[in-house]
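Structural features, examined
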Amino acid sequence: MELNERKIKVLQAIIQDYIETAEPVGSRTLSKKHNLGVSPATIRNEMSDLEELGYLVQPYTSAGRIPSDKGYRIYVDNFMEIKMIAYLQRKNIKKKLLEQFGEVEQLLQHSAKIISQLTNYTSAVLTPQIKNDKIKRIQLVPIDKYNLIAVMITDTGNIKSPLVNVPDGVEYDEAEKLSNLLNDKLQDKSIKDVEINILDNLELELYELNNIIETVVPKIFNFLEGLDDVELFLSGTTNIFNFPEYNDIIKAKTFLTMLEEKEIMTDLISSTKNDGISISIGSENLHQEAKDCSLVTATYKIDDNIIGKLSVIGPTRMDYSNVVSVVKQVSQYINELLRTRYK
């Protein structure tokens with residue numbers, strides 16, 4: 001049995017209707033609403049064939065059909081038309097991103113908020129493993145005699161600034177000397193490759209500041225070692241309650257619990273393709289908790305290095321066309337901003 005042109009039209013119509021209504025679609029509804037050029041009886045036969053092919057399922061006896069994961073997959077891969085975002089909306093998106101462009105992490109968080117507002121789904125940002133970043137600059141900034149901030153900037157735009165207490169006190173010129181020496185030793189080294197034995201070399205080269213070095217440098221290294229592998233940020237977590245599928249309190253609780261499980265969310269987002277926009281649907285997801293969900297994921301890069309991923313998470317009855325268009329537009333602007341800032 002082949003998936004011919006008429007079956008494709010019926011499948012598209014069912015998917016579009018189900019995305020809009022969340023109600024199983026029957027042959028009579030299709031006949032009235034869509035100009036398919038055939039009778040309800042013929043549509044019923046086509047729906048039966050599509051069910052046999054695995055593209056539709058019948059949730060209960062005497063009901064219409066709904067798309068299966070396989071049906072959604074052939075739809076997004078072959079038949080979906082990407083909606084065009086209006087010019088003024090695109091302009092507003094870019095303006096909002098520019099206003100929030102401090103460090104990369106802040107930009108990605110804000111992009112998640114924008115996307116959740118435009119799609120009405122939940123969005124999640126996964127930042128990269130910062131320990132793979134290379135140190136570009138370290139600056140020790142005294143804020144009073146006994147405390148300083150160690151500002152560290154990486155090649156992907158991450159900025160970390162732990163507060164370091166110096167019980168014996170520190171002067172501005174001492175902090176400046178140590179900053180210069182740290183930059184000389186650590187610049188362009190990845191955080192994971194920085195080793196504590198550098199302390200001995202620092203003490204030899206700047207022996208007059210040994211007391212400060214022994215206090216400040218170990219605290220900086222302890223901070224670097226304690227950095228989490230990845231950060232996960234969510235936006236629009238309660239948007240799921242806008243969808244009738246999640247009127248079921250158990251289903252809603254499962255979804256919200258999944259969002260709270262960082263390991264699960266990290267696996268789901270990380271398992272997507274490395275480049276461009278990728279879509280994972282229902283049973284394609286790695287974890288059972290996400291079998292009723294779809295993820296649309298974009299990657300962000302500086303040069304050829306992926307510096308973050310952003311996913312939109314919602315029911316498999318997702319408005320894929322709108323979500324993909326929004327994610328594609330936002331990710332395009334972010335990559336442009338990153339190229340401009342870090343070229």
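Residues numbered from 1 in each chain as written. Predicted model: local features only at pLDDT ≥ 70, side-chain atom pairs only at ≥ 80, totals over all residues. Heavy atoms only, no water.

**Structural notes on the overall build of the protein**
When its secondary structure is counted, the protein shows 12 helices and 11 strands. Along the first, second and third principal axes, the C-alpha set of the protein runs to 90 × 40 × 35 Å. Scored against the burial criterion, the 343 residues of the protein give a buried share of 49%. Put simply, of all contacts in the protein between residues at least 6 apart along the chain, 62% involve residues at least 24 apart. (Helix = DSSP H or I, 4+ residues; strand = E, 2+ residues; numbered from the N terminus. Buried < 20%, exposed > 50% of the residue type's maximum accessible area, 1.4 Å probe, protein only. Contact = heavy atoms within 4.5 Å.)

**Quick notes on the nonpolar core**
Among the nonpolar cores identified, the biggest contains 74 residues, and Leu30, Leu97, Met258, Met265, Tyr300, Ile313 and Tyr320 are the most heavily contacted of them. Leaving out residues up to four positions away in the same chain, leucine 30 has contacts with Val10, Ala13, Ile14, Asp17, Val25, Leu36, Ile43 and Met47. Membership of the second largest hydrophobic core comes to 25 residues, among which are Ala150, Ala175, Ile191 and Phe221. (Core = buried A, V, L, I, M, F, W, Y, C linked by side-chain atoms within 4.5 Å.)

**Regarding the packing of aromatic side chains**
If you walk through the whole model with that rule in mind, you get 3 aromatic pairs. Ring centres 5.7 Å apart and planes at 50° place the aromatic pair tyrosine 72 and tyrosine 320 in the tilted group. Of this pair, tyrosine 72 sits in helix 4 (residues 69–79) while tyrosine 320 is found in helix 12 (residues 320–342), placing the two residues 248 residues apart along the sequence. Each member of the pair, tyrosine 72 as well as tyrosine 320, is classed as buried. Across the ring face of tyrosine 55, the terminal group of lysine 70 is positioned such that the distance to the ring centre comes to 4.7 Å. The cationic tip of lysine 251 hangs over the ring face of tyrosine 246; the distance from NZ or CZ to the ring centre is 5.3 Å. (Phe/Tyr/Trp six-rings, centres within 6.5 Å; stacked < 30°, edge-to-face > 60°. Lys NZ or Arg CZ within 6 Å of the ring centre and 35° of its normal.)

**Details of the sheet that holds strand 8 (residues 232–235)**
In spatial order, the strands read 8-3-11-10-9; together these 5 strands make up an open sheet with antiparallel pairing. Strand pairing shows two members of the sheet lacking a second neighbour, strand 8 and strand 9 (277–281), which therefore form its edges. On average, each strand axis in the sheet is tilted by 20° relative to the strand beside it, whichever way the strands run. Across 10 bridges, strand 10 (residues 293–302) lies against strand 11 (residues 305–315) in antiparallel orientation. The residue of strand 11 that forms the bridge with isoleucine 302 is asparagine 305. Across the sheet, helix 6 (residues 104–119) lies against strand 3 (122–126), strand 8, strand 10 and strand 11, angled at about 25° from strand 11, the strand it touches most. (Pairing = 2+ DSSP bridges. Axes fitted to C-alpha atoms, helices over the stretch in contact; angles between N-to-C directions.)

**Considerations on the packing of helix 10 (residues 249–260) against helix 11 (residues 262–270)**
Direction vectors running N to C along helix 10 and helix 11 enclose 85°, while the axes themselves pass 5 Å from each other. Between helix 10 and helix 11, the crossing angle belongs to the class labelled roughly perpendicular. Where helix 10 abuts helix 11, its residues Met258, Leu259 and Glu260 lie against Lys262, Ile264, Met265 and Leu268. (Parallel < 35°, antiparallel > 145°, perpendicular 65-115°, else oblique.)

**Quick notes on helix 1 (residues 5–21)**
Between its first and last C-alpha, helix 1 extends 24 Å over 17 residues, near the 24 Å set by a 1.5 Å rise per residue. Buried residues of helix 1: Lys7, Ile8, Val10, Leu11, Ala13, Ile14, Ile15, Asp17, Tyr18 and Ile19, and no others. Its side-chain oxygen 3.3 Å from the backbone nitrogen of arginine 6, asparagine 4 forms the N-cap of helix 1. Immediately beyond the C-terminal end of helix 1, within one or two residues, lies alanine 22, with a positive phi of roughly 65°. (Expected span 1.5 Å × (residues − 1). Polar contact = N/O pair within 3.5 Å; in protein donor to acceptor, adjacent residues only side chain to side chain.)

**Notes on the environment of threonine 340**
Checked against the element boundaries, threonine 340 lands in helix 12. Its relative accessible area of 59% is what places threonine 340 among the exposed residues. Separated by 131 residues in sequence, threonine 340 and leucine 209 have C-alpha atoms that sit 40 Å apart.

**A closer look at a negative patch on the surface**
The grouping of Glu260, Glu261, Glu263, Asp267 and Glu289 at the surface amounts to a negative patch. What makes aspartate 267 partly exposed here is its relative accessible area of 31%. (Patch = residues over 30% accessible without salt bridge, like charges linked within 9 Å, V, L, I, M, F, W, Y side chains within 5 Å. Areas by Shrake-Rupley, 256 points an atom, 1.4 Å probe, with all protein chains shown as cover. Salt bridge = Lys/Arg side-chain N within 4 Å of Asp/Glu carboxyl O. Lys, Arg positive; Asp, Glu negative; His and termini not counted. Charge placed at Lys NZ, Arg CZ, Asp CG, Glu CD.)

**Points about the pattern of salt bridges**
Counted by the stated rule, this structure contains 14 salt bridges. The partner of lysine 7 in a salt bridge is aspartate 49, with the nearest N and O atoms 3.4 Å apart. Taken as a pair, lysine 7 in helix 1 and aspartate 49 in helix 3 (residues 40–53) lie far apart in primary sequence, 42 residues in all. The exposure class of aspartate 49 is partly exposed, given its relative accessible area of 21%. Overlapping salt bridges bring together Arg6, Lys7, Glu46 and Asp49 as one network.

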